[in-house]
Amino acid sequence: MAPFDLRLQEVHNKLASKELSVTDLVQESYRRIAETDASIQAFLTLNEDGARAAASELDKQLQEGGERGLLFGLPAGIKDNIVTEGLLTTCASQFLRNHDPIYDATVVKKLKAAQSVTIGKLNMDEFAMGGSNENSSFYPTRNPWNTEYVPGGSSGGSAAAVAAGQVYFSLGSDTGGSIRQPAAYCGVVGLKPTYGLVSRFGLVAFASSLDQIGPLTKNVEDSAYVLQALAGYDEMDSTSANVDIPDYVNALNGDVKGLRIGVPKEYLGQGIDPKVKEAVLNALKVYESLGATWEEVSLPHTEYAVATYYLLASSEASSNLARFDGVRYGVRADNPDNLIELYRKSRSQGFGPEVKRRIMLGTYALSSGYYDAYYLKAQKVRTLIKQDFDNVFANYDLIIGPTAPTPAFHIGEQVNDPLTMYLNDICTIPVSLAGVPAISVPCGFADGLPIGLQIIGKAFDETTVLRAAHAYEQHTEHHKQRPQL
Amino acid sequence: MSITVKDVEHVANLARLELAEQEKEQLTVQLNAILKYAEKLGELDTDHVEPTSHVLPVTNVMREDRVRESVSVETAMKNAPDEEDGQFKVPAVLE
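All of these numbers come straight from a predicted model, not from anything done at the bench. (Residues numbered from 1 in each chain as written. Chains lettered and ligands numbered in written order. Predicted model: local features only at pLDDT ≥ 70, side-chain atom pairs only at ≥ 80, totals over all residues. Heavy atoms only, no water.)

### Structural notes on the interface of chain B and chain A
Moving on, step 1. Taken together, the contacts link 54 residues of chain B with 67 residues of chain A.
Moving on, step 2. Buried surface at the junction of chain B and chain A, summed over both partners, amounts to about 5500 Å²; 68% is from carbon and sulfur atoms.
Moving on, step 3. Residue E23(B) pairs with K356(A) through a salt bridge whose shortest N-O separation is 3.0 Å.
Moving on, step 4. Viewed at the interface, chain A and chain B are joined by 21 residue pairs in polar contact (both at pLDDT 80 or more).
Moving on, step 5. Sort the elements by how many residues they give to the side of chain B that touches chain A and helix α2 (residues 21-38) of chain B lands first, with 9 residues. (Contact = heavy atoms within 4.5 Å. Buried area = accessible area lost by both parts, 1.4 Å probe. Salt bridge = Lys/Arg side-chain N within 4 Å of Asp/Glu carboxyl O. Polar contact = N/O pair within 3.5 Å; in protein donor to acceptor, adjacent residues only side chain to side chain. Helix = DSSP H or I, 4+ residues; strand = E, 2+ residues; numbered from the N terminus.)

### A word on the UniProt feature "active site" (unreviewed entry) in chain A
Residue and element names in this part refer to chain A.
Moving on, step 1. Here the UniProt-annotated "active site" (unreviewed entry) positions come out as K79, S154 and S178. A stretch of 100 residues holds the annotated residues, and the largest C-alpha distance among them is 11.0 Å, short enough that they meet in one place.
Moving on, step 2. By the secondary structure assignment, K79 is in strand β2 (residues 75-79).
Moving on, step 3. If we skip the residues at most four places from it in the chain, K79 touches K121, L122, M124, A128, S154, S155, S158, L171, G172, S173 and S178. (UniProt positions renumbered as here; feature names shortened; annotations may be inferred.)

### As for unusual backbone geometry
Residue and element names in this part refer to chain A.
Moving on, step 1. With omega at 0°, the peptide bond leading from G153 into S154 counts as cis.
Moving on, step 2. Along the polypeptide, S154 turns up in the loop between β3 (117-122) and α5 (156-163).
Moving on, step 3. The phi torsion at N133 lies on the positive side, around 70°, for a residue other than glycine.
Moving on, step 4. Given a relative accessible area of 0%, N133 falls into the buried group. (Buried < 20%, exposed > 50% of the residue type's maximum accessible area, 1.4 Å probe, protein only.)

### What about the packing of aromatic side chains?
All names here are of chain A.
Moving on, step 1. Applying the stated criterion across every chain, the model contains 17 aromatic pairs over all chains.
Moving on, step 2. Centroid distance Y364 to Y370: 4.5 Å. Interplanar angle 25°. Geometry classified as stacked.
Moving on, step 3. The exposure class of Y364 is buried, given its relative accessible area of 4%.
Moving on, step 4. Of note, K218 hangs over the ring of Y168, and the distance from its end group to the ring centre comes to 3.9 Å. (Phe/Tyr/Trp six-rings, centres within 6.5 Å; stacked < 30°, edge-to-face > 60°. Lys NZ or Arg CZ within 6 Å of the ring centre and 35° of its normal.)

### As for the UniProt feature "coiled-coil region" (unreviewed entry) in chain B
Moving on, step 1. Under the UniProt annotation, the feature "coiled-coil region" (unreviewed entry) is placed at residues 5-37 of chain B.
Moving on, step 2. Between the end C-alpha atoms of residues 5-37 of chain B there is a gap of 19 Å, over a span that is 82% helix and 0% strand.

### Comments concerning the environment of K36(B)
Moving on, step 1. Structurally, K36(B) can be placed in helix α2.
Moving on, step 2. Sequence spacing of K36(B) and S2(B) is 34 residues, and the spatial spacing of their C-alpha atoms is 7.8 Å.

### Concerning the nonpolar core
Moving on, step 1. L71(A), F127(A), Y287(A), F389(A), L453(A) and I455(A) are the most contacted members of the largest nonpolar core, which totals 164 residues.
Moving on, step 2. Counting 8 residues, the second-largest nonpolar core is a separate cluster that includes W145(A), Y149(A), A408(A) and F409(A). (Core = buried A, V, L, I, M, F, W, Y, C linked by side-chain atoms within 4.5 Å.)

### Some thoughts on helix α11 (residues 353-366) of chain A
It helps to recall that an α-helix has 3.6 residues per turn; residues three or four apart then point in one direction.
All names here are of chain A.
Moving on, step 1. An ideal rise of 1.5 Å per residue puts 20 Å on 14 residues; α11 measures up with 20 Å between its terminal C-alpha atoms.
Moving on, step 2. Within α11, 12 of the 14 residues are buried, which leaves the element mostly enclosed by the surrounding structure.
Moving on, step 3. Among the residues making up α11, those that are buried are E354, V355, K356, R357, R358, I359, M360, L361, G362, T363, Y364 and A365. (Expected span 1.5 Å × (residues − 1).)

### Re the side chain of E28(A)
Moving on, step 1. Mapped onto the elements of the fold, E28(A) is located in helix α2 (residues 22-40).
Moving on, step 2. Once residues lying within four places of it in the same chain are set aside, the contact partners of E28(A) are A2(A), P3(A) and F4(A).

### Digging into the pairing of strand β4 (residues 169-174) of chain A
All names here are of chain A.
Moving on, step 1. Burial within β4 is extensive, with 6 of its 6 residues counted as buried.
Moving on, step 2. Neither face of β4 is exposed, since F169, L171 and S173 on one face and S170, G172 and D174 on the opposite face are all buried.
Moving on, step 3. Of the pairings in the sheet, the one linking β2 to β4 comprises 3 bridges and is parallel in character. By the bridge assignment, A76 is partnered in β4 with F169. (Pairing = 2+ DSSP bridges.)

Here is the structure:
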């Protein structure tokens, strides 16, 4: 069995018994990338020298004994909107194609403290805007299950790299579903934590009130380990939550007896692929067999979530992306006549079409005369959407439904139709607006493409989400399937 | 409410974007489609609903006021497209 098919504990046991070294793991990662990345294109930048040096240092520590970090020796890929000191961070944008960060994001510091090894930076939709990875300004990542299909977005590189066995785990960022939807399309586990649980310091901001970093892994137990390493208060992030961090790994006791599950009728209605619906209903049967109960519930404002999200996210994006002006970092246009032209030309040459579209939408929604009609209205509807979740969680422990209404779509199929592309996120966006945690786990296949089951919890109740996801995984085989590459 | 190419030009100016003619026309069509879709929010009565700007109840977050080392000028300038004597260089603002 390839080392990346093993559970974290199994890898650690093999490291302890000297059956494997960290150098072996890192070599396996680059070997697999050399073998598969010409067809997948998950990576933008590799950290070969840095990773080999780190592996050698960790192997030395292994020989000497002593304490080992939670993620000791595990090869990791990092989405390219999370800054890494001395390692190119481009956000898959021409604007930042030469950007060499001067500091590490808090999550990168935490991964280093937990002793994982950074293999490289992963492809994404430019500035995390998109649902298919086709908006990367370098090249699109392809779905390892069928390279004619998208891997999802915007953490498509992060999901594809794990699915293809190129890295042991990866980090992604989720604004409206950007961890969960690519996890579903690529058949891996993707966790969006509660807003504020994981620091955003060093994540290049897209929509600050929604962005959240989380792990992509092959199984739920590994997801719990990575979350354990990432979670916690950070004074460098003013939206970081100062809450006690539970033991996520020990919470995986397999017990879901008596859990009350709500299944929103809006998530299984019109527009849902029949095979996706069938896979979700089969998953609910597994929960029934384990002693949980489920009932149909309603999140009545679901149909308003996509419009709300795109107004709010675009508005925040237009504000956040104002800092890209060609003065202090990034690419500057040649020979501008004056300062305004420097801004205008640098931004026009540096940003791709989807980024420009969202900046335009956001600027319009925030502009004088339209603020109340669009931005303020959307903020009020966000309250109604959040209340929908509060109402269901008053009576239920979890909400379960599909992660995406369909499996992955063909590359190029939706690229000229932004509204249709936005509607792929109908099941993930409401969760982001409410700020609650959710995980996507593999729950079946349709025509050879993976389907994701979304398990949503109360704010800061990641333990119940992970416990339920883990229990399901223990009684099914979907997560053990690997694409043939 | 529908927006015109002239509106798109105005917003592009606010956003400091320079758009080609074809981009302007395409954005006019696409933004109209998205805004038309967004008009469905008007179906909801939100007169007595408080806006949510933040899902967590945190306010006035402050860090401890500590004196500490800052980054060096050299480090701050590392990614500058153009610099002179430790300062970011831009075209003249005043004639």
